[in-house]
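Chain residues, written in single-letter form:
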Amino acid sequence: MRVFVTGASGWIGSAVTDELLAAGHEVTGLARSDKSAAALQGRGARVRRGDLDDLDGIRLGAQDAEAVIHLANKHDWSDPVGTAATERAAVQTIGEALAGTGHPFLLASGVAGVVQGRPVTEDDVSPFHGPDSPRGGSEGLALEFVGRGVHSVSLRFAPTVHGTGDHGFIAILAAIARQKGVSGYPGDGANRWAAVHVRDAARLVALGLDKAPAGARLHAVAEEGVPTRVIAEAIGRAFDLPVTSIAPSDVPDHFGWIGALFGMDLTATSTATQNLLGWTPTGPALIEDLDAGAYATCR
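Please read all numbers here as calculations on a predicted model, not as lab measurements.

Q: Even after reading the chapter, I still don't get the side chain of Glu139, so can you show me in this structure?
A: Mapping Glu139 onto the fold places it in helix H5 (residues 138-144). Overall, the relative accessible area of 5% leaves Glu139 in the buried class. Not counting chain neighbours up to four residues away, the residues in contact with Glu139 comprise Leu107, Ser109, Ser126, Ser154, Arg156 and Arg217.

If you want it as C-alpha cells, here you go:
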C-alpha cells in the first residue's frame with residue numbers, strides 16, 4: 001500500500017515508518033528540512049518536501065497515496081491557538097482529498113481531557129469540537145469524514161510515548177529536574193499518566209492501518225497510569241537528585257508550561273484496542289526505561 005505519512009521523521013513517526021516498511025508498504029514522508037529528508041531516505045522511505053502550512057503539498061500527498069497517517073503537529077506551546085488552527089486546516093485538507101475514496105486516514109490524537117475522574121476508554125467520544133477547541137477539534141473533524149467516504153481512524157496516544165531518544169514530556173521533566181537540582185512532583189503525586197513504549201505504539205499504528213474499521217478510536221496505551229510521584233522518583237534515581245513534592249501553588253513556577261499537564265490525571269485503558277487488533281504491548285515500561293538510562297542525556 002502507498003502510505004503518505006506526516007511527521008514521518010519525528011519521534012513516533014520514525015518508528016511507524018520502520019514498521020510500515022517492514023510490513024511491505026511504500027512510505028512517502030512529509031519532510032520540512034534536508035535533515036528530515038535524509039533520515040527518511042536512509043530508512044528506505046520516499047520524500048515529499050513541505051510542512052503543515054503547505055496545504056497544497058499535503059493535498060497532493062494525500063491524493064497520490066492509498067492511505068494517510070497524520071502524525072505531525074507543531075506543538076508550539078507558546079501559540080496554542082495557531083497550533084490548533086494549523087492542525088485543523090491540515091486535517092480538513094486531508095479529509096477533502098480523500099473524500100469518496102474509502103482510503104484509510106489515521107489521525108494522531110490523545111487521551112488528555114476526554115473524560116475526568118476515570119480512565120478514558122475507546123467508547124468515550126472526544127468532547128473537543130470546533131476550531132477553538134484543543135488541537136482544533138481534529139479528532140472529531142477527521143471522524144466526520146467517515147460519512148463522506150473516508151476510512152477515518154483515531155490514534156489516541158498516551159501522554160508519554162517513551163524510549164531511548166524521546167524528546168517529549170518525560171525528557172522535558174528530566175531536563176527540568178536537572179536544571180532545578182531536584183526531581184519534583186505536583187502535590188501528593190497521586191495523579192497518574194498513561195504510558196506506552198514507542199515501538200509498541202508504532203506496531204499499533206501499523207495494525208490499525210490493516211485492521212481497524214472506519215470510525216474506530218484506538219488507544220496506544222500499555223500502562224493505564226503511572227503515579228507522577230513514581231515518575232519523579234525514577235527521574236531522581238536516574239540523575240542522583242533529591243525528590244520532593246511541589247506545592248500546587250508553586251507548580252507553574254517550578255515546571256513552567258508542562259506543570260499544568262503534570263498535575264493532571266491522564267489515565268486510559270486499551271482493552272478494546274488490544275482485543276480488536278490482537279495487539280499486546282511488550283514494553284519496556286516507563287519506569288524500566290528511566291531506570292535503564294533511556295533519558296540519561298536529557299539536559
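Moving on from the model shown.
Q: Quick question: what am I supposed to make of the nonpolar core here?
A: Side chains that are nonpolar tend, in soluble globular proteins, to be buried together. Judged by nonpolar contacts, the single largest core of 44 residues is most densely connected at Leu20, Ile69, Leu71, Leu155 and Phe157. The leading source of residues in this core is helix H7 (residues 198-211), at seven residues. When sequence neighbours within four positions are dropped, the list of residues in contact with Leu155 reads Ile69, Leu71, Leu106, Leu107, Ala108, Ser109, Gly110, Leu204, Val205 and Leu218. Counting 28 residues, the second-largest nonpolar core is a separate cluster that includes Leu173, Ala174, Val226 and Ile235.

Q: Can you help me understand the sheet that holds strand S11 (residues 223-227) in this one?
A: Backbone hydrogen bonds hold the strands of a sheet together, and the pairing may be parallel or antiparallel. Strand order in the open sheet made by the three strands is S7-S9-S11, with mixed pairing throughout. With one partner strand each, in any of the chains shown, strand S7 (160-162) and S11 form the two edges of the open sheet. Between one strand and the next, the sheet's axes are offset by a mean angle of 45°, whatever the strand orientation. Of the pairings in the sheet, the one linking strand S9 (residues 192-197) to S11 comprises three bridges and is antiparallel in character. Note that in S11 the partner of Trp193 across the bridge is Val226. Each of S7 and S9 touches H7; the most contacted strand, S9, lies at about 70° to it.

Q: How do you make sense of the packing of aromatic side chains when you look at a structure like this?
A: Given two aromatic rings, their pairing is described by the distance between the two centres and the angle made by the two planes. A complete count under the given rule lists four aromatic pairs for this structure. With a centroid separation of 5.9 Å and 55° between ring planes, the pair formed by Phe169 and Trp193 is classed as tilted. A residue pair is termed long-range when its members are at least 10 positions apart, and Phe169 in helix H6 (residues 169-180) and Trp193 in strand S9 qualify at 24 residues. A centroid spacing of 6.1 Å and a plane angle of 65° characterise the contact between Phe169 and Trp257, whose relative ring orientation is edge-to-face. Of this pair, Phe169 sits in helix H6 while Trp257 sits in the loop between helix H9 (251-255) and helix H10 (259-262), placing them 88 residues apart in sequence. Among the residues examined, Trp257 registers a relative accessible area of 39% and is labelled partly exposed.

Q: Is there a simple way to explain empty space enclosed by the protein in this structure?
A: A probe matching the size of a water molecule, rolled over the atoms, marks out where space remains unfilled. The final tally for this structure, using the stated rule, is one cavity of 30 Å³ or more. Volume-wise, the largest cavity comes out at about 40 Å³. Every residue lining the largest cavity is listed: Leu173, Ile176, Ala177, Ser183, Gly184, Ile235, His254, Phe255 and Phe262. When contributions to the lining of the largest cavity are tallied by element, the ones reaching two or more residues are H6, strand S8 (183-186) and H9. Per-element tally for the lining of the largest cavity: the top contributor is H6, with three residues. When its residues are assigned to classes, the lining of the largest cavity shows six nonpolar, three polar and no charged.

Q: What is the right way to read the side chain of Thr273 from this model?
A: Checked against the element boundaries, Thr273 lands in helix H11 (residues 271-277). On the basis of relative accessible area, Thr273 is assigned to the buried category, the value being 1%. Separated by 2.7 Å, the side chains of Thr273 and Glu122 make a polar contact. Setting aside anything within four residues of it in sequence, one finds Thr273 in contact with Glu122, Leu204, Arg217, Leu218, His219, Gly278 and Trp279.

Q: Can you help me understand the environment of Phe239 in this one?
A: Summarising the element assignment, Phe239 is placed in helix H8 (residues 228-239). Remark: the alpha-carbon pair of Phe239 and Ala174, spanning 65 residues in sequence, is separated by 8.5 Å. With near-sequence residues (within four places) excluded, Phe239 lies in contact with Ala174, Arg178, Tyr295, Ala296 and Cys298.

The rules we used
- Residues numbered from 1 in each chain as written.
- Predicted model: local features only at pLDDT ≥ 70, side-chain atom pairs only at ≥ 80, totals over all residues.
- Heavy atoms only, no water.
- Helix = DSSP H or I, 4+ residues; strand = E, 2+ residues; numbered from the N terminus.
- Buried < 20%, exposed > 50% of the residue type's maximum accessible area, 1.4 Å probe, protein only.
- Contact = heavy atoms within 4.5 Å.
- Core = buried A, V, L, I, M, F, W, Y, C linked by side-chain atoms within 4.5 Å.
- Pairing = 2+ DSSP bridges.
- Axes fitted to C-alpha atoms, helices over the stretch in contact; angles between N-to-C directions.
- Phe/Tyr/Trp six-rings, centres within 6.5 Å; stacked < 30°, edge-to-face > 60°.
- 1 Å grid on protein atoms, 1.4 Å probe; cavity = no way out; pocket = protein on both sides within 12 Å on 5 of 7 lines; lining within 4 Å.
- Points joined across faces, edges and corners; volume = space filled by probe spheres on them.
- Nonpolar A, V, L, I, M, F, W, Y, C, P; charged D, E, K, R; others polar.
- Polar contact = N/O pair within 3.5 Å; in protein donor to acceptor, adjacent residues only side chain to side chain.

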